[in-house]
Amino acid sequence: MKVYVSVDMEGVTGLTDPEEMHAGGRGYERGCELMTGDANAVIQGAFDAGAEAGRVTAAHGSVKNLRIDLLDERATLIRGPGKPLRMGQGLDRSYRAACFAGYHARAGVQHGVLNHTWMGKEIQNVYLNGEVCGETRLVASFAGSLGVPVALVTGDEAVCEEARELLGDVETVAVKKGVDRFSAELLPPAVAQARIREAAARALNRVADFRPCAPEPPFTLGVEWNSTAIAAGCALIPGVRSAGPRHTEFVTDDFAQIMALMGIFSMVGGQIACGSGVYG
């Protein structure tokens with residue numbers, strides 16, 4: 001049994017501060033250690049349940065956050081920018097299950113710690129086939145398009161609720177309870193990571209219970225930006241159309257194209273926003 005693990009950072013044990021999310025910020029290096037600890041807990045639980053191989057992909061920001069020197073030796077790591085499939089890089093039909101660690105609630109969710117969708121401030125909302133969509137839905141739908149079910153989601157209470165609404169009786173571990181966007185009640189790492197390991201083992205021991213999250217094609221990706229300038233810039237990408245002053249749409253039968261496009265959106269949107277100062 002091969003297990004795939006996508007690891008984001010905002011939902012990692014112990015983290016609440018935006019500075020902890022970025023290289024050079026206060027607490028970032030410790031955040032990378034905690035992120036790797038959560039990833040290891042998933043891998044350990046998966047192997048407890050009989051996994052034979054594990055692949056981990058870094059799915060946050062610079063995608064250079066996980067500590068390879070601290071990673072469980074039974075897993076491999078996909079690290080670094082330029083990954084065409086971004087948060088789903090390395091996932092294919094050979095995997096029996098996918099696990100999401102350190103995930104967070106979509107933009108605008110009350111009590112969602114560090115809540116956002118794909119980009120921190122540039123995106124107001126993302127829609128998939130007309131339904132509001134967070135990163136959990138995006139990556140789970142990509143996995144589902146390959147026939148791979150999601151077995152485990154870890155993060156704050158809000159993303160665990162989001163995951164259960166989307167995926168049904170999926171295993172979840174809430175490592176923090178949001179007070180507001182930048183504050184939370186936290187579990188100590190030793191407690192949180194023990195729960196993650198136990199939940200990963202439970203998930204893989206009942207992997208036959210899970211079904212892929214597979215929306216029907218064609219897939220329509222809608223993005224509501226916070227800026228008319230970003231929307232106009234992204235509408236120049238071939239295949240993307242303007243659907244309003246701050247909205248773009250893209251339609252495809254291949255979900256991998258959506259994953260790739262979100263990466264391009266990040267580059268275009270980030271460049272426009274960062275170059276426009278207080279108006280970004």
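Conventions and cut-offs
Residues numbered from 1 in each chain as written. Predicted model: local features only at pLDDT ≥ 70, side-chain atom pairs only at ≥ 80, totals over all residues. Heavy atoms only, no water. Buried < 20%, exposed > 50% of the residue type's maximum accessible area, 1.4 Å probe, protein only. Helix = DSSP H or I, 4+ residues; strand = E, 2+ residues; numbered from the N terminus. Pairing = 2+ DSSP bridges. Axes fitted to C-alpha atoms, helices over the stretch in contact; angles between N-to-C directions. Polar contact = N/O pair within 3.5 Å; in protein donor to acceptor, adjacent residues only side chain to side chain. Contact = heavy atoms within 4.5 Å. Right-handed = clockwise from strand over helix to strand, strands pointing away. Parallel < 35°, antiparallel > 145°, perpendicular 65-115°, else oblique. Left-handed = near helix turned anticlockwise from the far one by under 90°. Nonpolar A, V, L, I, M, F, W, Y, C, P; charged D, E, K, R; others polar.

1. Structural notes on helix H2 (residues 135-145)
Side chains three or four residues apart in an α-helix point the same way, a direct result of the helix having 3.6 residues per turn.
Alright, step 1. In terms of burial, H2 is largely enclosed, as 9 of its 11 residues are buried.
Alright, step 2. When H2 is considered as a whole, its buried residues turn out to be Glu 135, Thr 136, Leu 138, Val 139, Ala 140, Ser 141, Phe 142, Ala 143 and Gly 144.
Alright, step 3. At the exit of H2 stands Gly 147, carrying a positive phi of roughly 80 degrees.

2. Topic: the sheet that holds strand E8 (residues 171-180)
Alright, step 1. A sheet is described by the order of its strands in space; here 7 strands give the open sequence E3-E2-E1-E4-E7-E8-E9, paired in mixed fashion. Sheet topology places strand E3 (75-78) and strand E9 (183-186) at the edges, where each strand pairs with a single neighbour. Averaged over all pairs of adjacent strands, the angle between their axes in this sheet comes to 20 degrees, without regard to strand direction.
Alright, step 2. Here 4 bridges tie E8 to E9, and the two strands are oriented antiparallel to one another.

3. What to know about the side chain of His 104
Alright, step 1. Take His 104: it is sitting in the loop between strand E4 (97-103) and strand E5 (123-128).
Alright, step 2. Looking at His 104, its side chain comes within polar contact range of the side chain of His 116, at 3.3 Å.
Alright, step 3. Here Glu 135 takes part through its side chain, which lies 3.0 Å from a polar atom of the side chain of His 104.
Alright, step 4. Apart from residues no more than four positions distant in its own chain, His 104 is found in contact with Asp 8, Glu 10, Gly 11, Val 113, Leu 114, His 116, Glu 135, Thr 136, Asp 156 and Val 159.

4. Observations concerning the pairing of strand E1 (residues 2-7)
Alright, step 1. A large share of E1 lies buried, amounting to 5 of its 6 residues.
Alright, step 2. Sheet topology note: the E1/strand E2 (residues 53-58) ladder contains 6 bridges and is parallel. Bridging from a neighbouring strand, Lys 2 pairs with Ala 53 of E2.
Alright, step 3. The parallel pair E1 and E2, bridged by helix H1 (residues 28-48), forms a crossover whose chirality is right-handed.
Alright, step 4. Note: E1 against E4, 5 bridges, orientation parallel. Considered in E4, the bridge of Val 7 is made with Ala 101.

5. Structural notes on the packing of H2 against helix H3 (residues 157-167)
Alright, step 1. Between H2 and H3, whose axes approach to 10 Å, the crossing angle comes to 40 degrees. Taken together, H2 and H3 sit at an angle that is classed as oblique. Handedness of the crossing formed by H2 with H3: right-handed. Mapping the contact onto sequence places Thr 136, Arg 137 and Ala 140 in H2 and Val 159, Glu 162, Ala 163, Leu 166 and Leu 167 in H3.
Alright, step 2. Split by residue class, the contact of H2 with H3 holds 5 nonpolar, 1 polar and 2 charged.

That's the geometry; what it means functionally is another story.
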